[in-house]
Amino acid sequence: MKIGNRTFADHGKTYIMGILNVTPDSFSDGGRFDRLDAALRHAEEMVADGADIIDIGGESTRPGHTVITDQEEIDRVAPVIEAVKARLDVPVSIDTYKGAVTAAALAAGADLVNDIWGFRHDPRVAELTAQYGAACCLMHNRREAVYDDFLEDLVRDLEDSVAIAQAAGVARENIMVDPGVGFAKTYEQNLLCIRRLERLHQLNLPILLGTSRKSVIGLTLNLPADQRVEGTLVTTVMAVLQDCAFVRVHDVKENRRAITMTEAILGR
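Residues numbered from 1 in each chain as written. Predicted model: local features only at pLDDT ≥ 70, side-chain atom pairs only at ≥ 80, totals over all residues. Heavy atoms only, no water.

Enquirer: What is the right way to look at the pairing of strand β8 (residues 175–178) in this model?
Expert: Side-chain positions along a regular strand alternate between the two faces of the sheet. Residues Ile175 and Val177 point to one face of β8 and Met176 and Asp178 to the other, with burial holding for every one of them. In the sheet, strand β7 (residues 135–139) pairs with β8 via four bridges, with the strands oriented parallel. When the sheet's bridge partners are listed, Leu138 is paired in β8 with Val177. What joins β7 to β8 is helix α5 (residues 150–168), and the crossover it makes is right-handed. (Buried < 20%, exposed > 50% of the residue type's maximum accessible area, 1.4 Å probe, protein only. Helix = DSSP H or I, 4+ residues; strand = E, 2+ residues; numbered from the N terminus. Pairing = 2+ DSSP bridges. Right-handed = clockwise from strand over helix to strand, strands pointing away.)

Here it is in structure tokens:
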């Protein structure tokens, strides 16, 4: 899979997408990197620690988050994307589900569109991704956590998202999928997602797992968001064992070490 100027293996190696939230209210690091200088410094640190992609988000998507205007989100992310692309030789992802924000982010230099609604919220996002020849990450999500057969429905929903992407003109080799841990799922379903990631391989697409500091870890360990590193590392190891191509994390250095150790044991 080609993202920006880098080519990533679909299988056999796990890469890191480092999270850069330029928001005041993200669940674990809100307000820490919402100034351009602080955001750029953190991006530099993540790349030095082993991040392969920087994922920039301008609106929190935690439960109960405040929806902001398109322009406010654009004002937050576009300057950071431009600065990261100018300073660092690393692919940049935009974490958004809005057409206007996608357009501004891609114009600013984003290489990948990371859509928490899997192109099912705003059709312009798929169209713009195709227009720019960008890569995309299609995450599983629903309005309600109601399923007939959870794993079958999850795969079917992702197939629908992939079909939307391809109908808009996105090349299949530019698509990865994300099971959407923490979105429209019960605690038990989130654990099942992580345990049965191999089910997504029937899509024949790279898989991204995003569990970093999420509530499934907090509920399991009874820990606040800033104390969930060890729990996140376990999920990252699970991702490597099940041949996920990417993990999306806050703590890059620790996750890079966990991946390197796991891959060494597996002989990769």
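Enquirer: Would you take a moment to explain the nonpolar core for this structure?
Expert: Generally speaking, nonpolar side chains in soluble globular proteins are found buried as a group. Leu20, Ile56, Ile81, Val84, Ile94, Phe119 and Ile175 are the most contacted members of the largest nonpolar core, which totals 64 residues. With residues up to four places along the chain from it excluded, the contact list for Phe119 reads Val113, Val125, Ala126, Thr129, Cys136, Leu138, Ile164, Ala165 and Val170. Grouped together as the second largest cluster of nonpolar side chains are 13 residues, Tyr15, Ile53, Leu208 and Ala245 included. (Core = buried A, V, L, I, M, F, W, Y, C linked by side-chain atoms within 4.5 Å. Contact = heavy atoms within 4.5 Å.)

Enquirer: I keep staring at the state of the cysteines and nothing clicks. Help me out?
Expert: Inspection of every chain in the model, using the stated rule, returns zero disulfides. No disulfide involves Cys136; its nearest neighbouring cysteine sulfur is the one of Cys137, lying 7.7 Å away. (Disulfide = S-S within 2.5 Å.)

Enquirer: Would you take a moment to explain the side chain of Asp111 for this structure?
Expert: Mapped onto the fold, Asp111 is located in the loop between α3 (99–108) and β6 (112–115). For Asp111, a relative accessible area of 14% corresponds to the buried category. Once residues within four sequence positions are removed from consideration, Asp111 is found in contact with Ile3, Gly4, Lys85, Val90, Pro91, Val92, Ala134 and Ala135.

Enquirer: Explain unusual backbone geometry to me, please; I cannot follow it from the model alone.
Expert: Unusually for a residue other than glycine, Ala184 sits at a positive phi of about 55°. Position of Ala184 relative to the elements: it lies in the loop between β8 and α6 (187–195). Owing to a relative accessible area of 18%, Ala184 belongs among the buried residues under this scheme. For Arg213, which is not glycine, the phi dihedral falls at a positive 60°.

Enquirer: For this particular structure, what's the right way to read the packing of aromatic side chains?
Expert: Here the distance between the centres and the angle between the planes together describe a pair of aromatic rings. Here the structure, examined in full by the defined rule, presents four aromatic pairs. Aromatic side chains Phe8 and Tyr15 sit 4.8 Å apart centroid to centroid with 85° between the ring planes, which places their arrangement in the edge-to-face category. Both residues of the pair, Phe8 and Tyr15, count as buried. Plain terms: the ring middles of Tyr15 and Phe246 are 5.6 Å apart, the flat faces sit at 35° to each other, and that makes the pair tilted. One end of the pair, Tyr15, is in strand β3 (residues 15–21); the other, Phe246, is in strand β10 (residues 246–249), with 231 residues separating them in the sequence. Residue classification places Phe246 among the buried residues on the basis of a relative accessible area of 1%. One aromatic cluster in this structure is built from Phe8, Tyr15 and Phe246. Over the face of the ring belonging to Tyr15 we find Lys13, whose NZ or CZ atom lies 5.8 Å from the ring centre. Over the aromatic face of Trp117 sits the side chain of Arg143, whose NZ or CZ is 4.1 Å from the ring centroid. (Phe/Tyr/Trp six-rings, centres within 6.5 Å; stacked < 30°, edge-to-face > 60°. Lys NZ or Arg CZ within 6 Å of the ring centre and 35° of its normal.)

Any functional reading would require information that these geometric values do not contain.
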